[in-house]
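Letter by letter, the chains look like this.
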Amino acid sequence: MLDAAPAFVAFERVQKSYDGENLVVKDLNLSMPKGEFLTMLGPSGSGKTTCLMMLAGFETATHGDILLDGVSINNIPPHKRGIGMVFQNYALFPHMTVAENLSFPLEVRKIGKSDREQKVKRALDMVQMGDFAGRRPAQLSGGQQQRIALARALVFEPELVLMDEPLGALDKQLRETLQFEITNLAHDLGITTVYVTHDQTEALTMSDRVAVFDDGRIQQLAPPDELYEKPQNSFVAQFIGENNTLDGVIEEIKGNTCIVKLDSGEIIDAVPVNVTKVGERTKVSIRPERVEFNRDRLHDDAHTLKAEVLEFIYMGDIFRTRLRVAGTDEFIIKTRNAPDQTRLKPGEIIEIGWLAEDCRALDA
Amino acid sequence: MTEVLAADGRPLKASLNRALRRQKLRALALIAPLLIFILVSFVMPIADMLFRSVENDIVSDTLPRTVEALDAWDSASGETPDEAVFQALYTDMALATEYKSHTRLGSRLNYELTGVSSLFRKTGRRVKRFDTDVYADAFRDASPAYADAAQWAEWMDDDALRDALPRTADAYDGWAKMIVEVDNDVPAEEEPWDFVYTALYNDVMTGAEPPVAVDLSGVEPVSLREQFVEIDKDWLDPNVWQTIKIYSPKYTNGYFLNSVDLQKGPDGAEARPESERIYVVLFIRTMIMSLSIMGMCVLLGYPIAWLLANLPDRTSNLLMILVLLPFWTSLLVRTSAWKVLLQQQGVINDTLVWIGLVADGDRLQLINNQTGTIIAMTHILLPFMILPLYSVMKTIPPSYLRAAKSLGATDWTAFWRVYFPQSVPGIGAGCILVFILSIGYYITPELVGGTKGVFISNRIAYHISFSLNWGLAAALGSILLAVVLILYWVYDRIVGIDNVKLGG
């Protein structure tokens, strides 16, 4: 697996505090192999941007080491780190043309003029902006500016590129196109990328691995599918995708299944994730699309719950149905819009169930 | 193209105009007080100043006949004009004395030739006591009609007679006008004065027929030239006449020539004597010192503005108060404080001596020279540099510097290639502001500048309130205005006025 590869970027027990009283980043450990596309995902204030800034060199770690290719870069100033960076607001220099912007990192590296022009042209072609060399950033659209910012971060051929919410200011469609382009570019060039975002879709679609940040810690570091399907704690489960939670107490644990007694008194099956003993409080998490209300598709011995349909929402590709289950009115199920699909009506009483492995008993 | 009509059938454009008219009128009413204020207190004085710098009708208004008579005189000849000019001068002076305008003319011409003022005043005192009364007596003796005021008025109403006696008619008209305006009397009840009889005598002597026959053969002619020279022999000086002739047109460029150390000679502009050249030096000094002050303000203001824009809010607010603090103190107080600090026995010199950097014997001369002016004015104008700089810097996101550094630029390169170019509009705005303010500054150079550190504005103030040569002051002011406008234009061409930002 990726973890086995030698670390290209590593955070070792890194801590960061701005005021000497509160830790913004608490004991961060992370290692990335070369060529990986890693996304730092988390709500604002979770410490993800601080981590990026420490890596770029604009913030210094209060404690711990940051290693780049095995060398500690704590005391190397940002301009000597050779890390490409794409900023949230692009930070294209408004007084320079596109070509001058791209030429800037080459000029400060004292690269010859003809070489420079060649590289600038290649970088512009790479992002399909070859015709815009003479324009000023203000004459470009947001998406074009983003492409130029990307080209500028790549033109001096850095091995590591950092991106700080680069698509945050763009509209949805453009964002999706650029997500695709950025990942392709990163993989084609074989560069290591650290990408910061608070948009989980972006994180899931683009990354090799996603680090979910909260409260200054990495809550889970995993590939997108694992993150979505096997959240390690209730924060991750809540944060990634839509999720139904039911509160209860562990009744019985046997191997990799357990029985949870919900607060409403009902019994359900679940996979114990970070619960260890009987009697512990737990939040049970089930994805809306894994909930089944067709009795035929469930195991015979599966526990089921009674549910009342409260609302049926037609969303085109899927149906979204809100149920009252075990005392909560916010239980959501999603079903695919297929010809044979049942359309539930408000007021109907149905029975719902799920496979025990889809239902994860997490910390309360 | 067909005209678009509104719902009621009127043209849409007319409807729109009507709908907007009320709004426009209201907007105009709102700015009307300011508009009127600016018009009255700013535009009109400037126009008046520009006009004053070329206006020169005092000579031709006061000495109309002399100016006319001088037409025939060749100013380059080096000779005194002939009797005809003195005759004209006699009439003019006799009238001017009554109007008391001869002293004003004297002071006006005194700017151009020293001594003319006293010459005119002296002449004014004695012009009525000329020996020309012999003419009047001769006419009155010849016929009582010449002593009859009513008769005179009747004669002067007769066009044929007026044509026959042009000098007399002219002199009588001038006299009659003066009698009405100055004495508030009726000319038909007053006997004409000596100069009218003199004019009549001159007319008769050149062959004209008097209204009543007179035998003037027994009258000894009075040389008016002699009469004037008796008062002051300066009337023989061709320079006096030259000055009068040169400054006789209604408009003159004399003030402007004077402003650039030239003077009007018989053959046009010529350089002033070395000892009288001051204005060009003063203009250049004003420019250089304003530029130095501007440069000092950039050097001192830039780092402060940077701090203001980049420190945390709490600290930068405190700093901002310190920057604005001088505005809460009177300009006079601040300047006087510099006097205390800079003088030879002042705080700064005392400190330097105490530290041992300067020997007690040769304390630094920091005031009453250019150094003093530059120090004090830099301090006073510094906020005008800091504030536009700050407001521009505030709009430069810190991410640009970070981006530059992440791209491999050192701190200095990042600043110089990325931050500085973006702050140039602020520098431009600050420089224009400081330069234009300092070029016309008056009070501070006056107080701390001594003789070496004064600006052109101090000279203008001097001419306005002491020498009362408003024309020269106006010309100097106009040149100053022109210089500022030219510099503004040059700046626009080089930097582009669109690149000037006061923020936003």
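Residues numbered from 1 in each chain as written. Chains lettered and ligands numbered in written order. Predicted model: local features only at pLDDT ≥ 70, side-chain atom pairs only at ≥ 80, totals over all residues.

Participant: Quick rundown of the overall build of chain A? Include the residues and the values.
Facilitator: On a plain count of helices and strands, chain A comes out with eight helices and 19 strands. For chain A, the spread of C-alpha atoms along the principal axes amounts to about 75 × 50 × 35 Å. Residues counted as buried form 40% of the 364 residues belonging to chain A. When contacts within chain A are restricted to residue pairs at least 6 apart in sequence, those whose partners lie at least 24 apart make up 65%. (Helix = DSSP H or I, 4+ residues; strand = E, 2+ residues; numbered from the N terminus. Buried ≥ 20, exposed ≤ 12 C-beta atoms within 10 Å, placed from the backbone. Contact = placed C-beta atoms within 7 Å.)

Participant: Which residues make up the packing of helix α15 (residues 279-310) of chain B against helix α19 (residues 370-393) of chain B, and what values do they have?
Facilitator: Residue and element names in this part refer to chain B. Between α15 and α19, the shortest axis-to-axis distance is 6 Å and the interhelical angle comes to 40°. When the interaxial angle is binned, α15 and α19 end up oblique. For α15 against α19, the interelement crossing comes out right-handed. Split into classes, the residues belonging to the contact of α15 with α19 amount to 21 nonpolar, five polar and no charged. (Axes fitted to C-alpha atoms, helices over the stretch in contact; angles between N-to-C directions. Parallel < 35°, antiparallel > 145°, perpendicular 65-115°, else oblique. Left-handed = near helix turned anticlockwise from the far one by under 90°. Nonpolar A, V, L, I, M, F, W, Y, C, P; charged D, E, K, R; others polar.)

Participant: Before we move on, could you go through the interface of chain B and chain A and cite the residues and values that matter?
Facilitator: Across the contact, 15 residues belong to chain B and 18 residues belong to chain A. Mapped by element, the contributors of at least two residues to the side of chain B that touches chain A are α20 (399-406) and α21 (411-439) of chain B. For the side of chain B that touches chain A, the element with the most residues is α20(B), which contributes six residues.

Participant: Go over the sheet that holds strand β2 (residues 23-33) of chain A with me, naming the residues and quoting the values.
Facilitator: All names here are of chain A. Judged by pairing direction, the sheet is antiparallel, and its four strands sit side by side in the order β2-β1-β4-β5 without closing on themselves. Looking at the sheet topology across the chains shown, the edges are occupied by β2 and β5 (71-72). Where helix α1 (residues 48-56) meets the sheet, it contacts β1 (7-17), β2 and β4 (63-68), and its direction lies at approximately 60° from that of β2. (Pairing = 2+ DSSP bridges.)

Participant: Describe the sheet that holds strand β11 (residues 244-254) of chain A, and please don't skip the residues or the numbers.
Facilitator: All names here are of chain A. Read around the closed barrel, the five strands follow the order β11-β12-β13-β19-β14; overall the barrel is mixed. Sheet twist, expressed as the mean angle between neighbouring strand axes with direction ignored, is 55°. For β11 and strand β14 (residues 281-286), the ladder comprises six bridges, and the chain directions are antiparallel. Within β14, the residue paired with G248 across the bridge is T282.

Participant: Talk me through the domain arrangement of chain B; I want residue IDs and the actual numbers.
Facilitator: Split into domains, chain B comes out as domain 1 (1-52), domain 2 (61-128 + 225-252), domain 3 (132-221) and domain 4 (280-499). Relative placement of domain 2 of chain B and domain 4 of chain B: their C-alpha centres are 50 Å apart. (Domains from an automatic or database assignment.)

Participant: Before we move on, could you go through the UniProt feature "transmembrane region" (unreviewed entry) in chain B and cite the residues and values that matter?
Facilitator: Residues and elements named next belong to chain B. In the numbering adopted here, UniProt assigns the feature "transmembrane region" (unreviewed entry) to residues 27-47, 282-309, 315-333, 373-393, 424-443 and 464-491. Secondary structure within residues 27-47 divides into 100% helix and 0% strand; the distance between the first and last C-alpha atoms comes to 27 Å. Structurally, residues 424-443 is divided into 85% helix and 0% strand, and its ends, taken at the C-alpha atoms, are 30 Å apart. (UniProt positions renumbered as here; feature names shortened; annotations may be inferred.)

Participant: I'd like a description of the domain arrangement of chain A, backed by residues and values.
Facilitator: All names here are of chain A. As far as domains go, chain A holds domain 1 (2-234) and domain 2 (242-363). A separation of 39 Å is found between the C-alpha centroids of domain 1 and domain 2. Between domain 1 and domain 2, the contact holds four residues from the first and seven residues from the second. Its residues assigned to classes, the side of domain 1 that touches domain 2 shows one nonpolar, three polar and no charged.

Participant: Residues and numbers for the pairing of β1(A), please.
Facilitator: Residue and element names in this part refer to chain A. The sheet contact formed by β1 and β2 spans seven bridges and is antiparallel. Looking at the pairing, V9 lines up with M32 of β2. The turn linking β1 back onto β2 is made up of five residues, and G20 within it adopts a positive phi angle of 80°.

Participant: Tell me about the UniProt feature "domain: ABC transmembrane type-1" (unreviewed entry) in chain B, and name the residues and values.
Facilitator: Under the present numbering, the feature "domain: ABC transmembrane type-1" (unreviewed entry) in UniProt falls on residues 283-491 of chain B. Note that residues 283-491 of chain B is 77% helix and 0% strand, and that its end C-alpha atoms are spaced 19 Å apart.

Participant: Got a sec to walk through the nonpolar core? Specific residues and values, please.
Facilitator: With 100 residues, the main nonpolar core has A149(A), A151(A), L162(A), A211(A), V212(A) and A361(A) as its most contacted residues. The dominant element in this core, judged by the number of residues it contributes, is helix α4 (residues 142-154) of chain A, at six residues. When near neighbours in sequence (up to four residues on either side) are disregarded, V212(A) contacts L41(A), G42(A), I218(A), Q219(A), Q220(A), L227(A), V236(A) and F239(A). One finds M377(B), L387(B), V392(B) and I432(B) within the second-largest nonpolar core, a separate group that totals 49 residues. (Core = buried A, V, L, I, M, F, W, Y, C linked by C-beta atoms within 7 Å.)

Participant: Please give an account of unusual backbone geometry that cites residues and values.
Facilitator: If a residue is not glycine, its phi is most likely negative; likewise, a peptide bond is most likely trans. Even without a glycine there, the phi angle at A91(A) is positive, about 50°. Structurally, the position occupied by A91(A) is in the loop between β6 (83-86) and α2 (98-107). Of note in the backbone geometry, N184(B) takes a positive phi value of approximately 55° without being a glycine. Mapped onto the secondary structure, N184(B) falls in the loop between α10 (166-181) and α11 (194-205). Owing to 7 C-beta atoms within 10 Å, N184(B) belongs among the exposed residues under this scheme.

Participant: Could you give an account of the UniProt feature "domain: ABC transporter" (unreviewed entry) in chain A, with specific residues and numbers?
Facilitator: Residues annotated by UniProt as "domain: ABC transporter" (unreviewed entry) correspond here to residues 9-240 of chain A. Taken end to end, residues 9-240 of chain A comprises 36% helix and 26% strand; its first and last C-alpha atoms sit 25 Å apart.

Participant: How would you summarise helix α12 (residues 224-231) of chain B if you had to cite specific residues and measurements?
Facilitator: An α-helical turn contains 3.6 residues, so a residue and the one three or four places further along point in the same direction. All names here are of chain B. Residues of α12 that are buried: L224, R225 and F228. Burial along α12 is one-sided: seen end-on, the buried residues are contained in an arc of 105°. Taken together, the buried residues of α12 touch α4 (83-99) and α6 (116-126). (Arc of directions from axis to C-beta.)

Participant: Tell me about helix α5 (residues 102-110) of chain B, residues and numbers included.
Facilitator: All names here are of chain B. Where α5 is concerned, the buried positions are H102, L105, G106, R108 and L109. Projected down its long axis, α5 shows its buried positions confined to an angular sector of 165°, all on one face. Against the buried residues of α5 lie α2 (57-62), α4, α6 and α13 (238-246).

Participant: Account for the packing of helix α23 (residues 456-465) of chain B against helix α24 (residues 470-494) of chain B, with residues named and values stated.
Facilitator: Residues and elements named next belong to chain B. Where α23 contacts α24, the two axes come as close as 8 Å, and the packing angle between them is 155°. Comparing the axis directions of α23 and α24 gives the class roughly antiparallel. Where α23 crosses over α24, the two elements pack in a sense that is left-handed. Facing I456, R459, I460, H463 and I464 of α23, the residues of α24 in contact are W470, L472, A473, L476, G477 and L480. Here the contact of α23 with α24 is composed, by residue class, of eight nonpolar, two polar and one charged.

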